[in-house]
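# Fold and contact review
Next come the chains, spelled out residue by residue.
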Amino acid sequence: MLLSSQAAQAQKKIKQQNKPGYDDKTVHYGFYLSMPITKYNIQHSQEYADQLANDPGGAGTMSVNAKVSPGFYTGLVLDVRLAEYLSARFVPGVGFYGRSIEYANAPQESGERQDVVKTISSTMIEMPLLLKYKAKRRTNFRMYLVGGIKPGIDLGSTRSGDDNTTELLVDNFDLAVEYGFGVDIFYPFFKFAPEIRFSHGLLNQHVPNESLYSNSIQKLTNHNVSFILFFE
């Protein structure tokens, strides 16, 4: 009898719904922490293509490739209920990124060649505006999809190099399309939601100048894959 009573109580706890009136509220607030993996997507210039054509794989060939780097961003959540399974989300935040490009076998003023890494360290104010489509809630769990756009403004990039002949320059404004998925987990006092989100920059971030490192590039766009933890 004792074991049966304990099993019944455990089953009741499992089926008990936390925060049952949560979805009836029009507005919700919260905050989030995110750990993105970020990189540039590179479109090489015609000058770079000509170099490869004239000396394919030779000693005078310089290769240009983006490196994957970790980042961090955090911010606040404003969620507005639009319909039973649909809400709009404004999730402004600040992001810290260090995107790098590796120039292998790059020529130097001394006449030698060596590998050079150019890193753009950025502090971004980001203002994603998203739509969230939610599945039907199952006790204390609910899957969802999210998508929208993300404008971003760079407060000031730290660039490798000391003048315009060696620097790699980027624009300070970006616009990205974002989409992802996650799961809402309801606890007695808050809702927790881990989310995977993909971000693809739409604007060319490359600012041309006369440096060797700039001339090899036609277009740069930002790309992120983020693991985000929401607390609402």
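Keep in mind that this is a model prediction, so the values were computed, not measured.

Rules and cut-offs
- Residues numbered from 1 in each chain as written.
- Predicted model: local features only at pLDDT ≥ 70, side-chain atom pairs only at ≥ 80, totals over all residues.
- Heavy atoms only, no water.
- Helix = DSSP H or I, 4+ residues; strand = E, 2+ residues; numbered from the N terminus.
- Buried < 20%, exposed > 50% of the residue type's maximum accessible area, 1.4 Å probe, protein only.
- Contact = heavy atoms within 4.5 Å.
- Areas by Shrake-Rupley, 256 points an atom, 1.4 Å probe, with all protein chains shown as cover.
- Polar contact = N/O pair within 3.5 Å; in protein donor to acceptor, adjacent residues only side chain to side chain.
- Phe/Tyr/Trp six-rings, centres within 6.5 Å; stacked < 30°, edge-to-face > 60°.
- Lys NZ or Arg CZ within 6 Å of the ring centre and 35° of its normal.
- pLDDT = per-residue confidence, 0-100.
- Salt bridge = Lys/Arg side-chain N within 4 Å of Asp/Glu carboxyl O.
- Core = buried A, V, L, I, M, F, W, Y, C linked by side-chain atoms within 4.5 Å.

## Points about the overall build of the protein chain
- A tally of helices and strands in the protein chain yields 3 helices and 14 strands.
- Across the 232 residues of the protein chain, 41% fall into the buried class.
- Considering only contacts in the protein chain between residues 6 or more positions apart, those separated by 24 or more positions represent 71%.
- For the protein chain, the accessible area works out to roughly 12,600 Å², and carbon and sulfur atoms hold 61% of it.

## Brief notes about the side chain of R197
- Along the chain, the position of R197 falls in strand 12 (residues 191–201).
- On the basis of relative accessibility, which here comes to 4%, the residue R197 falls in the buried class.
- Polar contacts involving the side chain of R197 include one to the side chain of E178, which spans 3.1 Å.
- Residues in contact with R197, not counting those within four places in the same chain, are Y73, P128, L130, E178, Y179, G180, N224, V225, S226, I228 and F230.

## What to know about the environment of Y40
- Tracing the backbone through its elements, the reader meets Y40 in strand 1 (residues 27–44).
- Residue Y40 is classed as buried on the basis of its relative accessible area, which comes to 3%.
- Residues Y40 and N65 lie 25 residues apart in sequence; the distance between their C-alpha atoms is 8.9 Å.
- Those residues in contact with Y40 that lie beyond four places of it in its chain are A66, R99, I101, I120, V170, L220, T221 and N222.

## Some remarks on unusual backbone geometry
- The residue K19 is not glycine, and still its phi comes out positive at about 45°.
- With respect to the helices and strands, the residue K19 is situated in the loop between helix 1 (2–15) and strand 1.
- Positive phi is not limited to glycine here, since T139 has a value of about 55°.
- Relative to the helices and strands, T139 resides in the loop between strand 8 (129–134) and strand 9 (141–154).

## So, the packing of aromatic side chains
- This model, assessed by the stated rule, comprises 10 aromatic pairs.
- An angle of 80° between the planes, with centres 5.5 Å apart, marks the rings of Y22 and F186 as edge-to-face. Taken together, the residues Y22 in the loop between helix 1 and strand 1 and F186 in strand 11 (residues 173–186) connect sequence positions 164 residues apart. Each member of the pair Y22 and F186 is classed as buried.
- When the ring of F192 is compared with that of F231, the centres are 5.3 Å apart and the planes differ by 45°; the resulting orientation is tilted. Here the residue F192 occupies a position in strand 12, and F231 occupies one in strand 14 (residues 217–231), the gap between them amounting to 39 residues.
- Following the ring pairs from residue to residue traces out a cluster consisting of F31, Y187, F190, F192 and F231.
- The ring centre of Y97 lies 4.5 Å from the NZ or CZ of R99, which sits over that ring.

## Observations concerning the confidence of the model for the protein chain
- Chain-level statistics for the protein chain give a pLDDT mean of 86 and a share of 86% at 70 or above.
- Of all helices and strands in the protein chain, the one with the weakest mean pLDDT is helix 1 (49), whereas strand 8 scores best (98).
- Scored below 50 in pLDDT, residues 160–165 makes 16 contacts in the model with residues more than four places away or belonging to other chains.

## Observations concerning the pattern of salt bridges
- Per the counting criterion, the structure on display carries 11 salt bridges.
- Across the salt bridge formed by E178 and R197, the nearest N and O atoms sit 3.1 Å from each other. Here R197 lies in strand 12 and E178 lies in strand 11, a separation of 19 residues in the sequence.
- When its relative accessible area of 3% is taken as the criterion, E178 is described as buried.
- Linking K191 and D184 is a salt bridge whose minimum nitrogen-to-oxygen distance equals 3.5 Å. By the burial criterion, K191 is buried, and D184 matches it.

## Considering the nonpolar core
- The biggest cluster of nonpolar side chains holds 15 residues, and the ones touching the most others in it are Y40, I42, V64, I101, Y103, I217 and L220.
- Breaking this core down by element, the ones donating at least two residues are strand 1, strand 6 (93–107), strand 7 (113–126) and strand 14.
- No other element matches the 3 residues that strand 6 contributes to this core.
- Filtering out sequence-adjacent residues up to four positions away, L220 remains in contact with Y40, N41, I42, I101, V170, L203, N204, Q205 and H206.

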